[in-house]
Amino acid sequence: MNEPHHGISRRDFLKLVGATAGAATVAGCLPPKADRLIAYVNPPNDDIVGLSTWYASTCDECPAGCGIHVRTREGRALKVEGNPAHPVNKGTLCARGQASVQGLYNPDRVPGPKWKRGGRWLDVKWDDALWMLQEKLVAASATAGAIQFWTGGETGTWNALLDDWCAAHGAERVAYEPFDYAPVKEAAKRAFGTSTVPIVDPSKAKYLLSLGADFLDTWGMPLAQARGYDAFHSARGGVMGKHVQVEPRLSLTGHNADEWIAIRPGTEGLLALGLAQALGGGVSGYDLARVAQDCDIAPDTLARLVKELQENRPALVLGPSTAGSGTNATETWAAVFLLNRALGSVGTALSPSPGFDPGNTASFRAARQAVNRLGSGNVKLLFVHGTNPGYWLGSATGFSQAAGKADFKVSFSPYYDETSSLCDLILPDHHALESWGDAEPVKGVRGLRQPAMRPVFQTRQTADVLIGLARAEGGAKAAKFPDATFREHLIRRWGGNADVFNNQLTQGGVYPADLPTGGAGGGGGVPALVAPALAGKGDFTLYAYPHPYHADGAGANKPWLLEIPDPVTKVAWDHWCEISPDAAKKLGVDYGDVLAIDTGSAKVELPVAINPLMRNDVIAVPTGYGHTEYGRYAQGRGVNLFDFLPAAEDASSGGRAFLATKVEVTKTGKPWTLIHTGGPGRQADRAVARAIPLTLAGAPAGAPEPKGEPTPAGSDMAHGPAAGPEGTPPFLTMPTFRDRTSQLNGLHEKQLAPDAYQPPTGYNQYNRAHHRWGMAIDLSSCIGCSSCVSACYAENNIAWVGKTNMVRGREMAWLRIERYYEDVEGGIETRFVPMMCQQCGNAPCETVCPVYATYHNPEGLNVQVYNRCVGTRYCSNNCPYKVRAFNWFDYDCWVSPLNWQLNPDLTTRSKGVMEKCTFCLQRIREGKDIARDQNRDVRDGDITPACAQGCPTQAILFGDLADANSRVAKTAKDARSYHVFADLNTLPSITYLKKVSRRIKEETPVPAEAEVEA
Amino acid sequence: MKRETGALGVFEYLDDAIDAVRNLKKQGFSVQAMTPTYFHELEHEVDHTRSSTRWVTLFGALLGCASGFALCVWTSLDWPIITGGKEIVSWPPFVVIGFECTILIGSIFNLTALLLWSGLPKFVEQEGYDRRFSEDRIGLWVATAPDRARQAADLMRAAGAEEARVAGA
Amino acid sequence: MEAMKGLTYRKINEDIASIGHRVGKAWLVVFGLDLLVLTFGICCWFYQLFKGLGVTGYTRPAMWAVYITNFVFWVGIAHSGTLISAILFLFRAGWRQAIYRVSEAMTVFAVMTAGLFPLIHLGRIWFFYWLIPYPNQRQIWVNFRSPLVWDVFAVSTYFTVSAIFFVVGMIPDIAAMRDRETGLRKKLYSLLALGWRGTSRNWKHYAQTYIYFAAFATPLVLSVHSVVSWDFAMAQNPGWHSTIFAPYFVAGAIFSGMALVVTLIVPIRKAFKLEQYITDWHFDAMAKLILFTGNIVTYSYLVEFFMAWYSGNPYERQAFWDRAFGPMGWAFWVMAACNCIIPQLLWKRRNRTHIPTLFVITLFVNVGMWYERFVIIVQSLNANFSPWIWRGGYKPTFVEWGITAGSFAWFFMYFLLFVRFLPTFSITELKEILPRPFRRSRKEKAA
């Protein structure tokens, strides 16, 4: 009963048992959150029942610190959207940000303070827990270095507070996160004398050469970079920079590139120096011939590259991010910076100062040293907050064993993660959406964080806990913390004026309109580049890349992020490894077969997903899986790469080397049902995702109307069918044209006197319509990130169905990103198509429904009446786009409290009912109501569906096609516009804009359509 | 009720029965035959007029056709809902409904006519009926006053009835 | 009709009316087993009802599969019955009298089975009545533009008419049985016979109206399966959207129906020693019809493929390539073997009249025609427009199989009861084929 290392005296124990029993009984008689039951007798001031209340805050899912608006209803946070004013994301939001509400309402959160006795977590009262901790703290803080405080990489007030607090208690602070940016920072220090990650803005460059930077997935500030990339690459107005991705395995970022160069892993720096030499960057000894040899790149390709770089200045060059950073990462980045100087992008497209500060994370090396100190036994008291070393360093550095040496271990984690499972006490922190705080990702860009709702569980913000502990000790320590709460502390830090502060709160902080940019001096010189040291032996190099959603594993317990297919492989729920088709042939494996991956020191098995866009000597595995704790959705899924990878580090910066080992890959013969959404991945002549050569793009819009389509005078469907100049684009009929030729035509003669009572039925319901909602999606902008998909899940109460059902293709997603591979000269081009209900003018689904469960509403929407649906599923059969989802079960996926996130503006759907995209009908409704209250008509841009709202590149445009001046109506007339399956005469309301491609000479003909037009 | 009186003849052979009917009719008797199956020769002798049920059937069919189309058109106009850009009153699909209703109502009228005209169901005892008539014998029933019945019976015996008697007296 | 040698009116009454008494113990055993299977099917259905349709193997894009396959299969089966009793009646085909009652019974019971499946397949069967045309929910009627509503009308009409036809045809025979029976059966039959006495008045109107029933049923037969085929042809899926479907389905229906008639009659003939009534002549005629319709079906398959190629439409081409060589191609080849190749054996007269051979062939045809519907539905849906949704796989679970087996049990339950209690063959019409009971030959009469 009394473990020696467990520093708890008999007295404490008895006291606590009593207390715990008490707590248990109290908890027993009170219904959880009883106060909520009568919440609205006198509701909070800024909360009107039935109306959304929005709180400006700052996202905490990654270091980028995007500004967000949190939508709350009746005191519950429902959805997170980007803050349009914030310079980092300018209103957009990524999938991880969208899913943060599932972190807030995660069923596996720690509901309150927990104390471990005999391997089991007992409930304790906050007061008792703190009382106990106080004692330990006083004892430990007597001797310096007896306390170790592990935190995540933090910025702003909270970061400062931690430092002060640790200083006051003689505690050693270790801020660790696996994606530490150490090499970039180190290289930047050498090259520019800064200690931040340079801010990247492709829009300021003419040419983008990315040596393995996945700047659209996870690296840096993806949303800011995506915005810049869109301006650089979407070819609006016919101008389009060229993007060359040099990568062993093509990332999501690379899938958008104009060219892919499959470089040998770890030789990116070499290439950079070679190019620098060729471009007269004051480098010698790296002549292209040798570089071509070592990098395994065709010499003429290199020559062309040099030529293009010379002709297109400024050209932006980026170095390898996580996946590509080996033991020579710093030198590689130094070489990249050198090349950027030579190409004149420093200070414009690449601005080192002030730069992006991902938080003061210690390097991998520093973390290891800290672990050693921890293992030495001198550390008596261990605090862990906002980091998960048990998962990231568990066996890589022996953190788990070392932690055992500490007498008493306290975790502030809101989740039962790998680290808190090692601890004796959990004092759960609030989720970011419940907390106060601020973040300063870039100097001068200061985002504020405020609670969007009252805590879901019995948690306390750690900052308050620390302040409380310090003040309770009294004396000098207390004096250091004059403010009773973290909020007050925050106000002081922000100038001390509560009114000003509240004002800043409504803005979500203080920030400039755009990210601050600027060059910097310093020289650095030519780095001494060495080849990366790879442990292990085998034919394959292990290429561990960060999963776009799960990244370092923090998102692994969020069902949305597991259900939404990976943007590149389209695998869901499972962990996988990727090899090229040739490698698969050589190994004799097919999709889903299990491979054994052996580093020599460790061996794991993973099902294989075959990826045509990677080198034959590389096996790629995403990070973020393989949790042993952390919750029901994350646990037991695949392999923890942070454990599996050998503990190698970048020599200069000490950052972790993820490109660390070669592996032996063998076939196990075991089968595995690996979910794969999305058929063969090819279009089979269907022309779903169309492209137009750059040479033809940007032709002037607006053109004579095709014959046979007069615009009837007096029709309030004001504009004619969209069509470009003769020839391009192909004949395109807008659904509004159909409206005029169907019953909707000439309804106005039948219209009753305006003052007459108009029953809800009859033709007049149609001729009273003013709007014709439509959408325009620019495939040239879409980067396939699936942020829109997660936004759709969040907005529309879409059930996730889990692996067993997804294997049968029963996912409920209303919106999916179709990723098609197209054979073009020089390889494969990827085209992403956001596919949702096309709201057809001639909807095939409507005609076949026997009970009118789906019909055409006056505003041109193809509405689905759930209550009316009997589930014949005929509509789905007849839908060419197959965008209707059927409820095969009553999905019990909203495990409490996840159900708190459900949007009260629309229902959940019962079993046996068909559902589909509604263009966010509830948002249209809201927009119209607001307009009516303000006694005006709906303005263009008033209404934005969830998908369009969050889109990082604003590829989705929503509006009123009946309004000739609306952006969507204009865009629909663009020369690139087309309808998917136009030959079926469904007259979709969604107009796609062809992807502008550098890699095709002319458009691929559309057989079916040609036949129809002939 | 007062029992029907008359003469019953049982025949083995069809032609005998036919002769008997001829002779009886000459004498102005009204004859009713009872046969195990449909002997058109005999039935023609007994009653050569055509059944008028066909007019009922025709009426039913026309009514069905009209009501079928009417139903479609009226319900579509009653709450006009646009589906798939089709006309509110889109005739081609309505043809199917019109056709099916033609058949349905037509058949039901046909059945009703059959029952009414041929006096079914009828659960009162048929005078002179014999179970042999559903097997292999032909029966002739002459409904008439007892005094004339004997004459009818004689006629039938003369025609070759294997049995002829006065019944119901 | 040398076949009928030695038959007399009386013998016919004895033989036919006595079938119900000759069933014996075997009947009870078979009936018991049948009920067991039926119970299992019902349990599967309840399971599906409470858990949701997800317990089946259904998956997007195969939103329709085994249930609709069964629906079309049973509706098809139903057709031969009316064909024989109505069309052949109008054509005065001599060989129909002996078998039309069995096939009519088959028709009625098959429709009763088919009718179950559109309901079983509904997502929310508890609202099935919204398909019935009445202002049900918020005064909304049904959508008459939907082929499913056409189905509601076609199938219910078909059931009503064929049931009337069936019952009316039986009245004189039941009367005959009434006259032979005593006790409870007599009471029952007296009721069913509606007091039929075979009087001139009875016969006069009976004969007339029977012709009209036949006249109604004939176009109905052709329309019903056309309407069923339009469930597919009206949708625009490649592999469905085709004008050949109506005739093609009707032929297929008769094909499968005739096959099942043979499959049913062979054991009955054996069990009740009716060789005198159903002879090689009958089987030969039925086999010829099977061969004929079978070849129409085969031709349709070929035309479908030809058109897919000739149209140059990429969707169609893909769909039909997949149909034969796609992931579920095996189903297509099962179908082709059973429907196109095996029936060719019937060109030989010996195979047409050799009962065991014919019996086995018809079994194959039944299987083949089930697979035809399966192929048309599942394969076409799998090869739909959007390549992103192509999954190609569909595996039914025990639920689908259980309910399918149950449907067969449901059909045979009625059929067994029919054999036991109702005139399995038409007494009066069999008498029509015998020579008229004239004392003198026609010549003497004329003289």
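J.: Explain the overall build of chain A to me, using residue names and the numbers behind them.
T.: A count of helices and strands for chain A gives 34 helices and 37 strands. Looking at chain A as a whole, 65% of its 1014 residues are labelled buried. In chain A, once contacts between residues fewer than 6 apart in sequence are set aside, the share between residues at least 24 apart is 73%. Of the accessible surface of chain A, which amounts to about 33300 Å², a share of 54% is contributed by carbon and sulfur atoms.

J.: If you had to explain the overall build of chain B to someone new, which residues and values would you point to?
T.: When helices and strands are tallied, chain B shows 5 helices and 4 strands. The order of α-helices and β-strands along chain B, N terminus first, is β-α-β-α-α-α-β-α-β. The dimensions of chain B, computed from C-alpha atoms along their principal axes, are 80 × 35 × 30 Å. A buried classification covers 53% of the 169 residues belonging to chain B. Excluding contacts between residues fewer than 6 apart, the proportion of contacts in chain B whose partners are at least 24 apart in sequence is 80%. Accessible area for chain B stands at about 7400 Å²; split by element, carbon and sulfur atoms hold 62% of it. Looking at chain B, you have 16 positive and 21 negative side-chain charges, and the mean spots of the two groups are 5 Å apart.

J.: Before we move on, could you go through the sheet that holds strand E27 (residues 773-778) of chain A and cite the residues and values that matter?
T.: All names here are of chain A. Strands sit in the order E34-E27-E36-E35 across an open sheet of 4 strands; the sheet is mixed. The two strands at the open ends of the sheet, each matched to only one other strand, are strand E34 (956-960) and strand E35 (977-978). Where E35 and strand E36 (residues 990-993) come together, 2 bridges link them in antiparallel fashion. Of the residues in E36, the one forming a bridge with Tyr 978 is Tyr 992.

J.: Quick rundown of the packing of helix H10 (residues 268-278) of chain A against helix H13 (residues 329-343) of chain A? Include the residues and the values.
T.: All names here are of chain A. One way to put it is that H10 packs onto H13 with a least axis distance of 8 Å and a crossing angle of 25 degrees. Taken together, the axes of H10 and H13 are roughly parallel relative to one another. The way H10 lies across H13 gives a crossing that is left-handed. Residues Glu 268, Gly 269, Ala 272, Leu 273, Leu 275 and Ala 276 of H10 form the contact with H13, whose own contacting residues are Thr 332, Ala 335, Val 336, Leu 338 and Leu 339.

J.: Describe the interface of chain C and chain B, with residues and values.
T.: Listed by partner, the interface residues are 59 residues for chain C and 71 residues for chain B. Both faces considered, chain C and chain B share a buried interface measuring about 6000 Å² in area, 62% of it formed by carbon and sulfur atoms. Three residues, Arg 145, Arg 197 and Phe 216 of chain C, lead the burial of chain C against chain B; their summed loss comes to 14% of the area buried on that side. Our enumeration of links across chain C and chain B arrives at 0 salt bridges. Taken together, the connections running from chain C to chain B amount to 16 residue pairs in polar contact (both at pLDDT 80 or more). Mapped by element, the contributors of at least two residues to the side of chain C that touches chain B are helix H1 (9-17), helix H7 (147-180), helix H8 (183-192), helix H9 (200-233), helix H17 (427-433) and helix H18 (442-446) of chain C. Per element, the largest residue contribution to the side of chain C that touches chain B is 18 residues, and it comes from H9 of chain C. Each residue belonging to the side of chain C that touches chain B can be placed in one class, and the counts come to 27 nonpolar, 16 polar and 16 charged.

J.: Help me get a handle on the packing of aromatic side chains, residues and values and all.
T.: Evaluated as defined, the whole model comprises 97 aromatic pairs over all chains. Consider the rings of Trp 370 of chain C and Trp 401 of chain C, whose centres lie 6.0 Å apart with planes at 35 degrees: the pair is tilted. A residue pair is termed long-range when its members are at least 10 positions apart, and Trp 370 of chain C in helix H15 (residues 355-382) and Trp 401 of chain C in helix H16 (residues 398-421) qualify at 31 residues. One aromatic cluster is present, formed by Phe 886 and Trp 888 of chain A together with Tyr 58, Tyr 67, Phe 117, Trp 330, Trp 370, Tyr 371, Phe 374, Tyr 394 and Trp 401 of chain C through successive ring pairs. Positioned over the ring face of Phe 886 of chain A is Arg 873 of chain A, at 5.1 Å from the centre of the ring. Just above the ring of Phe 29 of chain B sits the side chain of Arg 148 of chain B; from NZ or CZ to the centre is 4.3 Å.

J.: Give me the lowdown on the confidence of the model for chain B, citing residues and values where you can.
T.: Residue and element names in this part refer to chain B. Across chain B, pLDDT averages 83, with 97% of residues at or above 70. The spread of mean pLDDT over the elements of chain B runs between helix H2 (residues 40-46), the lowest at 78, and helix H4 (residues 91-117), the highest at 91. Model confidence for the complex is summarised by a pTM of 0.89, with the ipTM given as 0.90.

J.: Summarise the interface of chain C and chain A; cite the residues concerned and give the values.
T.: With 58 residues of chain C at the contact, the number on the chain A side is 62 residues. A buried area of about 4900 Å², summed over both sides, lies between chain C and chain A, and 54% of it is on carbon and sulfur atoms. Three residues, Arg 60, Met 63 and Trp 388 of chain C, lead the burial of chain C against chain A; their summed loss comes to 19% of the area buried on that side. Across the contact surface, chain C and chain A share 1 salt bridge. Close ionic contact of Glu 811 of chain A with Arg 391 of chain C constitutes a salt bridge, the shortest N to O distance being 3.8 Å. Taken together, the links from chain C to chain A amount to 33 residue pairs in polar contact (both at pLDDT 80 or more). For the side of chain C that touches chain A, the elements supplying multiple residues, two or more each, are helix H3 (24-51), H7, H9 and helix H12 (314-325) of chain C.

J.: Talk me through the pairing of strand E3 (residues 76-82) of chain A; I want residue IDs and the actual numbers.
T.: A large share of E3 of chain A lies buried, amounting to 6 of its 7 residues. Hairpin geometry of strand E2 (residues 67-73) of chain A and E3 of chain A is characterised by an intervening segment of 2 residues between the two adjacent antiparallel strands and by a positive phi of about 45 degrees at Glu 74 of chain A.

J.: Account for the sheet that holds strand E4 (residues 163-167) of chain B, naming residues and giving values.
T.: All names here are of chain B. Reading across from one edge, E2-E3-E1-E4 is the order of the 4 strands in this open sheet, with antiparallel pairing throughout. Where the open sheet ends on each side, the last strands, each with one partner, are strand E2 (31-34) and E4. Strand-to-strand twist in this sheet, taken as the mean axis angle between neighbours without regard to direction, amounts to 20 degrees. Two elements, E2 and strand E3 (residues 138-143), share 4 bridges in a ladder whose sense is antiparallel. Its bridge partner lying in E3, Ala 33 is registered against Leu 140. Its contacts with the sheet put helix H1 (residues 14-26) on strand E1 (6-11), E2 and E3, and the angle it makes with E3 is roughly 15 degrees.

J.: Please give an account of the environment of Ala 289 of chain A that cites residues and values.
T.: All names here are of chain A. Tracing the backbone shows Ala 289 in helix H11 (residues 288-295). A relative accessible area of 56% means that Ala 289 is categorised as exposed. With 250 residues separating them in the primary sequence, Ala 289 and Asp 539 have C-alpha atoms 25 Å apart.

J.: An account of the environment of Asn 70 of chain C is needed here, citing residue identities and associated values.
T.: Residues and elements named next belong to chain C. Relative to the helices and strands, Asn 70 is located in helix H4 (residues 66-90). With a relative accessible area of 0%, Asn 70 lands in the buried category. Sequence-wise, Asn 70 and Ala 193 are 123 residues apart; in three dimensions their C-alpha atoms are separated by 35 Å. Residues within four places of Asn 70 in sequence aside, it is in contact with Phe 117, Trp 370 and Thr 404.

J.: I'd love a proper account of the side chain of Glu 649 of chain A, names of residues and values included.
T.: All names here are of chain A. In this fold, Glu 649 is placed in the loop between helix H23 (641-644) and strand E25 (662-667). Looking at Glu 649, its side chain comes within polar contact range of the side chain of Arg 368, at 2.9 Å. Residues in contact with Glu 649, not counting those within four places in the same chain, are Thr 327, Phe 364, Arg 365, Arg 368, Gly 654, Gly 655, Arg 656 and Ala 657.

J.: So what's going on with the pattern of salt bridges? Which residues, and what values?
T.: Under the definition given, this model contains 63 salt bridges over all chains. Residue Arg 190 of chain A is joined to Glu 331 of chain A by a salt bridge in which the shortest nitrogen-to-oxygen separation is 3.6 Å. With Arg 190 of chain A in helix H7 (residues 182-192) and Glu 331 of chain A in helix H13, this pair connects stretches of sequence that are 141 residues apart. When its relative accessible area of 38% is taken as the criterion, Arg 190 of chain A is described as partly exposed. As a salt-bridge pair, Arg 976 of chain A and Asp 778 of chain A come within 3.0 Å of each other at their nearest N and O atoms. Highlighted residues: Arg 976 of chain A in the loop between helix H33 (967-972) and E35 and Asp 778 of chain A in strand E27, separated in sequence by 198 residues. Neither residue differs from the other here; Arg 976 of chain A and Asp 778 of chain A are each classed as buried. Connected through shared salt-bridge partners, Arg 132, Asp 136, Arg 137, Glu 162, Glu 163 and Arg 165 of chain B make up one network.

J.: Run through a nonpolar patch on the surface, naming residues and quoting values.
T.: Together, Val 29, Val 30, Leu 33, Leu 36 and Val 37 of chain C line one region of the surface with nonpolar side chains, adding up to about 450 Å² of accessible area. For Val 29 of chain C, a relative accessible area of 53% translates into the label exposed.

J.: Explain helix H27 (residues 787-795) of chain A to me, and be specific about the residues and the numbers.
T.: Along an α-helix, a turn takes 3.6 residues, which lines up residues three or four apart on a common side. Residues and elements named next belong to chain A. Of all 9 residues in H27, 9 are buried; the element is thus mostly enclosed. Regarding H27, the residues found buried are Ser 787, Cys 788, Val 789, Ser 790, Ala 791, Cys 792, Tyr 793, Ala 794 and Glu 795. Note on H27: the residue one or two positions beyond its end, Asn 797, has a positive phi of about 50 degrees.

So, how was this worked out
- Residues numbered from 1 in each chain as written.
- Chains lettered and ligands numbered in written order.
- Predicted model: local features only at pLDDT ≥ 70, side-chain atom pairs only at ≥ 80, totals over all residues.
- Heavy atoms only, no water.
- Helix = DSSP H or I, 4+ residues; strand = E, 2+ residues; numbered from the N terminus.
- Buried < 20%, exposed > 50% of the residue type's maximum accessible area, 1.4 Å probe, protein only.
- Contact = heavy atoms within 4.5 Å.
- Areas by Shrake-Rupley, 256 points an atom, 1.4 Å probe, with all protein chains shown as cover.
- Lys, Arg positive; Asp, Glu negative; His and termini not counted.
- Charge placed at Lys NZ, Arg CZ, Asp CG, Glu CD.
- Pairing = 2+ DSSP bridges.
- Axes fitted to C-alpha atoms, helices over the stretch in contact; angles between N-to-C directions.
- Parallel < 35°, antiparallel > 145°, perpendicular 65-115°, else oblique.
- Left-handed = near helix turned anticlockwise from the far one by under 90°.
- Buried area = accessible area lost by both parts, 1.4 Å probe.
- Salt bridge = Lys/Arg side-chain N within 4 Å of Asp/Glu carboxyl O.
- Polar contact = N/O pair within 3.5 Å; in protein donor to acceptor, adjacent residues only side chain to side chain.
- Nonpolar A, V, L, I, M, F, W, Y, C, P; charged D, E, K, R; others polar.
- Phe/Tyr/Trp six-rings, centres within 6.5 Å; stacked < 30°, edge-to-face > 60°.
- Lys NZ or Arg CZ within 6 Å of the ring centre and 35° of its normal.
- pLDDT = per-residue confidence, 0-100.
- Patch = residues over 30% accessible without salt bridge, like charges linked within 9 Å, V, L, I, M, F, W, Y side chains within 5 Å.

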